Amino acid sequence: MPGKDRYTLLSKAVRIANAADLSYLQRLKSLAKFLCSSYACTSATIYLVDENNRSLAKLVSTATARASSDCNITLGEGVAGLCAAKRQQVCLSPTALHPQEPRRGTEKQFCAFPIGDSRMVCGVLMFGLSATDPPSGSELEPLEDILVVIGGIIQRIGISSGSQRRIGNLTMLSELGALLNRSVPPATLIPVILDTCHQQSDSCCTVFRLMGSEGMLPLLQHRISHAMRRHQETLLGIEELCSAKVRLSGVPLLISDLISEDELPPSYVCVPLKFENRIFGTLTFFGRRGQAGTWQNFTEEERELFESMAVLISNAITGATNYQQAVRLSRENDQKLKELSLLYRLSNTMLSTIRLNKLMHLILSALTSGSNPLFERSMLFLINERAGVMQGMLGVTRESPTTPLVDVESALTSRWDISEEEMQRQQQSEFSTQVRASRLELSKVKNMSSRAVLEKRLVYVADTGREKRVDREFIRKFGISSFAAMPLLAKDKVVGVVVVDNPCSNKTISQDDLRFLELFTNQAGMAIENSLLYNRIEDANRKLRDAQERLLHGERLATIGEMAAGIAHELKSPLISIGGFARRLQRKFPKASEEGGYVATIVGEVNRLEKMLTDILSFSRKSTICYSVCTMQEIIDEALSVVALGFEENRITVSRKFPTKVLSFLGDCQQLKQVFINIFTNAQEAMQGPGELKIAASPARLAGRDAIMVKVADTGGGIPLESLGNIFHPFFTTKESGTGLGLPIANRIVTNHGGKLQVNNYQGVGVEFVVIIPLEPPPPSQGG
C-alpha cells in the first residue's frame, strides 16, 4: 500500500476514534466497517478482553446488526481467543471458529490480530477473508498503527466502564444506606435487605443467614431466579459449606471458574456479617449471566462492593436488634411498673380490712373489675379437709351492672373499697348462688383444681375438652373451656383456691396473666392469714376477758356468799321462833277471821324467807357428793312428786319417754333430785297456766365416756334473748319472788358430777334443758 494511502487510512481511523458524537462502542463499530471496506474483507470484528484477562467478553462486528454483543470466549479457544492467548497474529480456517465468533458464511479464512503489547492484550481484531491469502507486508504496516488507535478506545472504554461501575456502586451503597436507616424490627428489615441485594447484584441466587446470638434468632432466607429453582437444594448446600468457612475465618470468599456438569453458576461470593469483630451471619451471592445469557464471574471489585454492603447491613441489623430489644425492655418495664402499681394498690386494698368475708369479695372483685380486667370470672372455694371436698363460697363476674370497687385515694395510700350493698348484691347473684351450691371432690385424679390444692401450685388447663382429669359436671355447669386454679396459702397451709376463666371472649390466659395471678394470690393468702390471725387473737382476747370477768365475778360471789351465809345464819334462829309462834296462833284463830288472815300471811312469808335462807346457805357452802347407785327414772319421779301439786293447780301435763332399760349410774341422788326440782319449778313458773312438760331420757356420750341424757322441754314461750346469757349467774332473776339461785345451784351440782347443763331456747315456743350425767364419777381433778 503506498505511503499516501497509509497516511489517509490512519488519518481516517483517528478521526473516527475521536468522533465526539459517537459512543466508544459506536466508534469501534465505525472502525470495523472502515477497516472491512479498506481491506476488502467479508467481515471485521473487534473483541474486548474482560478485566480478569480470562476471556473475550464483548464484540463489535460488521457481521451482526447490533452495535455490540456480549460473549464469553475463553482465551485460547476459537480464532480470536487463540490470538489473544498467543498475543500474535493467527490465521485459521472457519472450522477453528468458536461458536460465539460471528461470520457471514462466505469467509474462507479468518485472520486475528492482537490489540495491545507484549505484556497485555486488551482486545483482538479479526478479519473474515474471502481469499485464502492473509494480509501481509506493506498491508499490515498501517494496520499496526490502527490497532494502537483501537487499543486506545478499548482502554478508554475500560476506564469509562470502571468509573461508571464505581459511581453505580457508590450510588447503590448510598441508596442501601438510606433504605437501612430506619427504626424497624429485624423481621421487617431482613426481607427488604434480601430483595434489594438480590436485585442490585443481579445474582441468580442470594442467601441471607443469621446464626442466632445475643438477641438474634437463627434465620435462613434466600431469593432465587425462576430458572435456577431446580438447583435450589444444590446451591443452598454450597452456601452452607462456604458460610461455615467464612464464619470460621472471618474473611470474604470469592470463587470463580467452577466447573460443573449441571448448569450451575461458575462464581459466587460469600461475605461475613459482623459487628465489632463478632460474626453473626453471612451473605452469599451466586453468579450472574451477561447479555448473551452466558455465566459471568464475579470480580474483585464486586467482592469489595459486597463486603461494603455487608458492613452497612451488619450495622443496620445490629441497630434494628438493639432497637427491638430496647422496645421490648421498655414494654416489659412498663408492664412491670403497671403490675407493681396494681399489686401495691391490691395490697393496700387487702390490708385495709380484717373482715374475712369482705376480704373474699375484694379479692375476687379485683380480679374481674376495671376497664381492662385480668379475667372475666373468678370463683372461690374453701377447703374442708374433714369432708374431703372444696366448698364453693363466692363467685364474681365482670358483667355486674355497676363497678363493684370504688377508689379510695389519700396522700399516703391508694386502694379500692367495696360497699356492704355491693357485697350483698354479689352474694345474691345467680352465678354466686351456683358457686355456693358446688362441691368439688378433693382428688387430683378426678379434677385439676384439686391438684392446685394438693400440690400447692398454680394449675392451668388450656383445653378442658382434652384434659381427662376435670370434673365434667362442674365444667358443663359453668361452661368452662379453659381455666386457671391457684391455691390460697396461709402459713403454708391451703385454705382455699381461686378459679378464673374468660368464658365471654374465650381470650387465652397468657403467661403474664398466670404470673400476675400467682403474685396476686400470694398477696391474698397473706391477707387471709392476717385476717385469720386477727380473728384468733380477738377470740383469745374475748376468752381472756370472759375468764377475767368470771374470776372477778367468782371473787365477788365468794365475798357475797360468805356475807350472805353469816346473815342467813343470824336470821335463821329468830325466824324459826317467829314461824313457830305464828303457826301456834294460826291454830287458835279461825281461817275466816280477820286475825286468821293476818297470821296466814305471816306464816307464808316466814316459809318464803326460810326457803330463801336455805338456798343461800346451800349455795354458799361447798357441797360434798355422796356417790351411790342411782336410777334416773326414780330421781325424775321423786322430783315430779314434789312439784305435782303445783302442776295440778296450773293444769300442766307431763309426758315421759324413758327407755325400757333402767338407766343406772353413780351419783348423789338427793342433789340430782334437787337439780330436776329446780328445773321443773322454773318450767311451772314460766308456763303460768295450762302447758305441757316433756321429759325424755336416753343413753348418751360425753367427752368419750358413757353418759345419760335427760331433756326437759316446756311450753313457756322461751327466755328473752337479753336474759339468756345470765340464767346461770347467781341472784339473777326476772321474777318478783325469785332468789336467782335455782338454775345456778342446778348447774353447779351437774358440773360437780362431771356433767353438762345445756339450754336450747326456742323463742315464742319454749325452753329445753338438757342434763348430761356420766355413768361413773369423774377423775378427782374434774370433780367439784
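Residues numbered from 1 in each chain as written. Predicted model: local features only at pLDDT ≥ 70, side-chain atom pairs only at ≥ 80, totals over all residues. Heavy atoms only, no water.

The next subject is the packing of aromatic side chains. Taken as a whole, this structure holds nine aromatic pairs when the rule is applied. Look at Phe113 and Phe127: their rings are 5.8 Å apart centre to centre, the planes differ by 65 degrees, and that puts the pair in the edge-to-face class. Here Phe127 lies in strand β6 (residues 121-129) and Phe113 lies in strand β5 (residues 109-116), a separation of 14 residues in the sequence. Each member of the pair Phe113 and Phe127 is classed as buried. (Phe/Tyr/Trp six-rings, centres within 6.5 Å; stacked < 30°, edge-to-face > 60°. Helix = DSSP H or I, 4+ residues; strand = E, 2+ residues; numbered from the N terminus. Buried < 20%, exposed > 50% of the residue type's maximum accessible area, 1.4 Å probe, protein only.)

Right, let's get into the side chain of His753. Mapping His753 onto the fold places it in the loop between α18 (742-752) and β27 (756-762). Residue classification places His753 among the buried positions, given a relative accessible area of 2%. With sequence-adjacent residues up to four places away left out, His753 is seen in contact with Ile625, Tyr627, Gly667, Asp668, Gln671, Leu672, Ile773, Pro774 and Pro778. (Contact = heavy atoms within 4.5 Å.)

Below, the discussion takes up the packing of helix α4 (residues 140-180) against helix α5 (residues 186-201). Two numbers describe how α4 lies on α5: the axes approach to 11 Å, and their chain directions differ by 165 degrees. Classified by the interaxial angle, the pair formed by α4 and α5 is roughly antiparallel. Here α4 runs over α5; the crossing is right-handed. Each of Met172, Glu175, Leu176, Leu179 and Leu180 in α4 lies in contact with α5, whose residues at this interface are Leu189, Val192, Ile193, Thr196 and Gln200. (Axes fitted to C-alpha atoms, helices over the stretch in contact; angles between N-to-C directions. Parallel < 35°, antiparallel > 145°, perpendicular 65-115°, else oblique. Left-handed = near helix turned anticlockwise from the far one by under 90°.)

The next thing to look at is unusual backbone geometry. With a phi angle near 60 degrees, Asp202 is a residue other than glycine that sits in the positive phi range. Along the chain, Asp202 turns up in the loop between α5 and β7 (205-210). A relative accessible area of 49% means that Asp202 is categorised as partly exposed. The backbone of Glu276 shows a phi angle near 55 degrees, a positive value even though the residue is not glycine. When you line up the elements, Glu276 lands in the loop between β10 (268-275) and β11 (278-286).

Turning our attention to helix α15 (residues 632-649). Given a rise of 1.5 Å per residue, 18 residues ought to cover 26 Å, and the 26 Å separating the end C-alpha atoms of α15 matches this to within 8%. The largest bend along α15 reaches roughly 55 degrees and is located at Val643. Those residues of α15 that fall on the buried side of the exposure criterion are Met632, Gln633, Ile635, Ile636, Ala639, Leu640, Val643, Gly646 and Phe647. Where α15 is buried, its residues contact β22 (628-631), β23 (652-657), β24 (664-667), α16 (669-687), β25 (691-702) and β26 (705-713). (Expected span 1.5 Å × (residues − 1). Bend = angle between axes of the 7 residues up to and from the residue.)

Let us look at the environment of Thr318. With respect to the element layout, Thr318 can be found in helix α7 (residues 300-350). Taking relative accessible area as the criterion, Thr318 reaches 5% and is therefore assigned buried. Sequence-wise, Thr318 and Leu273 are 45 residues apart; in three dimensions their C-alpha atoms are separated by 9.9 Å. The residues contacting Thr318, other than those within four sequence positions of it, are Met216, Phe275 and Phe280.

Here the focus is the sheet that holds β25. The strand order across the open sheet built from five strands is β23-β25-β26-β28-β27, with neighbouring strands paired in mixed fashion. In this open sheet, the two edge strands, each paired with only one partner strand, are β23 and β27. The average angle at which neighbouring strand axes cross in this sheet is 20 degrees, direction not considered. Bridge count between β25 and β26: nine bridges; the pairing is antiparallel. What sits directly across from Leu702, in β26, is Arg705. Packed onto the sheet, α15 meets β23, β25 and β26 and runs at close to 170 degrees relative to β23. Against the sheet, α16 engages β23, β25, β26, β27 and β28 (766-774), with an angle of about 145 degrees to β25. (Pairing = 2+ DSSP bridges.)

Read these as layout, nothing more, since geometry by itself doesn't imply function.
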